[in-house]
Every structure is written in C-alpha cells, then in structure tokens.
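Summary of structural features
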Amino acid sequence: MCTEKTPVVTAPQPAPAEGGLRARKKQRTRDSIRRHAYQLFAEQGYEATTVDQIAAAAEVSPSTFFRYFPAKEDLVHADDYNPMLAEALRSRPADEPVMDSIRLTLAESFDRILGGDREELLLRTRLTLTDPAVRAGAMDEQLRSQADVATMIGERTGRPADDLDVTAAAAAIIAVSMAVVHHWAERDGAPDLADLYDRQFARLAEGLRF
C-alpha cells in the first residue's frame, strides 16, 4: 500500500462563481475517489484494496488521494452527512423543539441519503462492525459527530456547545444513531432505516427536553 503523502488558465470569472466551480470540482473528485474505493471494497475486500488501486480506478494520483483522504481508513470514517443535516436543521422553525427538529430533518433527508448512498452506507457500517483497523478509528469519528450535534443544539438553544446538558444530549443522540444503523446493517439493510430512526428518536425525545 502506498504511504506517500505529498502536499499539494481559465477565462476570468467573478470570484463567487469561480469559488463555487472550484468547490464543485473538488466535491466531484472526492465523490469519485470514494465511489471507486467502495466498488473495489465490494469486489475484493477492504484489506486487499490498496490506495494505489483506488487512485488508479478514480484516475487520480496517490498524492491527490491523500489530499482528500489522509489514510484509507478515512474513506470509511469521513462523514459528509453532518453538514447537510446541519443546513437542513437551520431551516426548521426556531420555536420547534430541538429533538422534533432533528427527527423531522432526518426523515426529510433519508430519501437523499439512501437514494444515492444506500449500498455505500451499508458497506461502511459493516466495515465499522467487522474490520479491526476501521473499528479502531470509529470512536474518533463518533466524538467528532457528537461535537457537531452539540454545536447544532447550542445554536438552536442559545446554550454553549460544551454545556453538560447539551453534550449529554448530543452523546445520547449519537449513541441511538449508532445503535439504529448497526441494527439495520446486521440485518442486511432489510428494515426501513428511516422508520427505525423515527421510532427511536421519538422515544429519545420523550426524555430530552430542549
């Protein structure tokens, strides 16, 4: 497996458009790398797949791969859903209870998440359950997600993100999320994931009042 980590004229355009184009191009490259990686993981297994193979399949150099994902494990741990959910959460009514907002935001986002990424999400979850190298880094990702959720709650409530009530609520939300998605993956994605989330978050909301 390659371990190299190398740091990294169109017509003039208005700065916002140019910035938007650059961001979209970077996102397409990131998505392509991850899509080809998961195709290889499905075909030959996670451990057998090298960074060089992923880079070749995505038609990028290994150094480009490392600009987007510092290590192979980051393909599994990198979570693009939190920013999407945060944006959706900010669109909910300000006077709506936080847990209701989170539950409804998840429900509205599932068609988009599962429509394009269902098999990837299923494989990612299986890897966190079965692969020792991936599982070892899962706690760090869980803590990052917990911090993101605490920030979202803090924004909605006007309380500091490090307030104990806020961090405890965020920890409970992430713990329930992990339990739900693991239950779903262990059953080969057969249950309705959106329904599982909705039912468990409704139960959680009974004990969390914000």
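Below: a short report on this structure. Being a predicted model, the structure only gives us computed values, none of them experimental.

Looking now at the environment of Gly45. If you trace the backbone, Gly45 turns up in the loop between α1 (15–44) and α2 (51–58). The sequence separation of Gly45 and Leu127 amounts to 82 residues, and the corresponding C-alpha distance is 9.8 Å.

Moving on, we come to the nonpolar core. Within the largest apolar cluster, 29 residues are counted, with the highest numbers of intra-cluster contacts made by Met99, Ile102, Ile153, Ile173, Trp184, Tyr197 and Phe201. Elements with a contribution of two residues or more to this core: α5 (81–90), α6 (98–130), α7 (132–157), α8 (164–186) and α9 (193–205). Examining the composition of this core, we find that 9 residues originate from one element, α8, more than from any other. Core analysis: the next-biggest nonpolar cluster, separate from the first, contains 18 residues, Leu40, Val51, Phe65 and Phe66 among them.

Their axes nearest at 10 Å, the elements α8 and α9 cross at an angle of 150 degrees. One finds that α8 runs roughly antiparallel with respect to α9. You can see that α8 and α9 cross each other, and the crossing is right-handed. On α9, the residues that touch Ala172, Ile173, Val176, Ser177, Val180, Val181, His183 and Trp184 of α8 are Leu193, Leu196, Tyr197, Gln200, Phe201 and Leu204. Grouping the constituent residues of the contact of α8 with α9 by class yields 11 nonpolar, 3 polar and no charged.

This paragraph deals with the side chain of Lys72. Within the fold, Lys72 resides in the loop between α3 (62–68) and α4 (74–77). Of the buried charged residues, Lys72 lacks a salt bridge, with Glu47 as the closest side chain of opposite charge at 4.8 Å. A distance of 2.8 Å separates a polar atom in the side chain of Lys72 from the backbone oxygen of Tyr46.

So, how was this worked out
Residues numbered from 1 in each chain as written. Predicted model: local features only at pLDDT ≥ 70, side-chain atom pairs only at ≥ 80, totals over all residues. Heavy atoms only, no water. Helix = DSSP H or I, 4+ residues; strand = E, 2+ residues; numbered from the N terminus. Core = buried A, V, L, I, M, F, W, Y, C linked by side-chain atoms within 4.5 Å. Buried < 20%, exposed > 50% of the residue type's maximum accessible area, 1.4 Å probe, protein only. Axes fitted to C-alpha atoms, helices over the stretch in contact; angles between N-to-C directions. Parallel < 35°, antiparallel > 145°, perpendicular 65-115°, else oblique. Left-handed = near helix turned anticlockwise from the far one by under 90°. Contact = heavy atoms within 4.5 Å. Nonpolar A, V, L, I, M, F, W, Y, C, P; charged D, E, K, R; others polar. Lys, Arg positive; Asp, Glu negative; His and termini not counted. Salt bridge = Lys/Arg side-chain N within 4 Å of Asp/Glu carboxyl O. Polar contact = N/O pair within 3.5 Å; in protein donor to acceptor, adjacent residues only side chain to side chain.

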